[in-house]
Amino acid sequence: MLRGLTTVNFWADDVEEATRWYAEVLGVEAYFERRGPDERLAYAEFRLGDHRHELGFIDRRYAPHPTAEPAGAVVYWHVDDLTTVLDRLLSMGAKQHEAPTERGPGFVTASVADPFGNILGIMYNAHYLEVLEGRG
């Protein structure tokens, strides 16, 4: 039924600012952008990671259920060095949402609230690496 992750969408009041911030975090530029009727950037999308998953940013004006608190499903992105990535995110203005937590041997998670009110999960996941290695 569920065949694979296609796109994770985050909301932002200022998609231009969110796109700049995430371009710096990710080290890549957005590959797709769409402007709204007022010519403001309404959507931007990045492709990233080993499987080129999509991370999109939508103008909060289009959110069906707006919220002022950090919110959303927590999607964990594998990172090779959780401590280094967490420290970098915090130094760039993200706020710790969940401290690093060991979930079992080879599995450590943490999350931050980005400056735009979204929860970004990071995880060192030994299983992810095993699956990636098995794909050749």
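Since we're looking at a predicted model, the values are computed, not measured.

## A closer look at the packing of aromatic side chains
In total, this model carries eight aromatic pairs according to the counting rule given. Centroid distance F10 to F57: 5.8 Å. Interplanar angle 75°. Geometry classified as edge-to-face. Of this pair, F10 sits in strand β1 (residues 7-12) while F57 is found in strand β4 (residues 53-59), placing the two residues 47 residues apart along the sequence. By the ring-pair criterion, three or more aromatic residues cluster together here, those being F10, W21, Y22, F46, F57 and F116.

## Notes on the UniProt feature "domain: VOC" (unreviewed entry) in the protein
Taken from the UniProt record, the annotation "domain: VOC" (unreviewed entry) applies to residues 4-125. The span residues 4-125 is 18% helix and 43% strand, and its two end C-alpha atoms sit 17 Å from each other.

Calculation criteria
Counting from 1, residues in each chain are numbered in the order their sequence is written. In view of the model being predicted, local features appear only for residues whose pLDDT reaches at least 70, and side-chain atom pairs are presented and counted only at 80 or more, with totals across whole chains, interfaces and linings using the full set of residues. For the side-chain quantities, the full set of heavy atoms in the structure was used; hydrogens and water were omitted. Only Phe, Tyr and Trp rings are paired, with Trp represented by its six-membered ring, and only when their centres lie within 6.5 Å; those with planes under 30 degrees apart are stacked, over 60 edge-to-face, the remainder tilted. By the criteria applied, helices consist of DSSP H or I runs no shorter than four residues and strands consist of E runs no shorter than two, each listed in order from the N terminus. UniProt positions are given in the numbering used here, feature names are shortened, and annotations may be inferred rather than shown by experiment.

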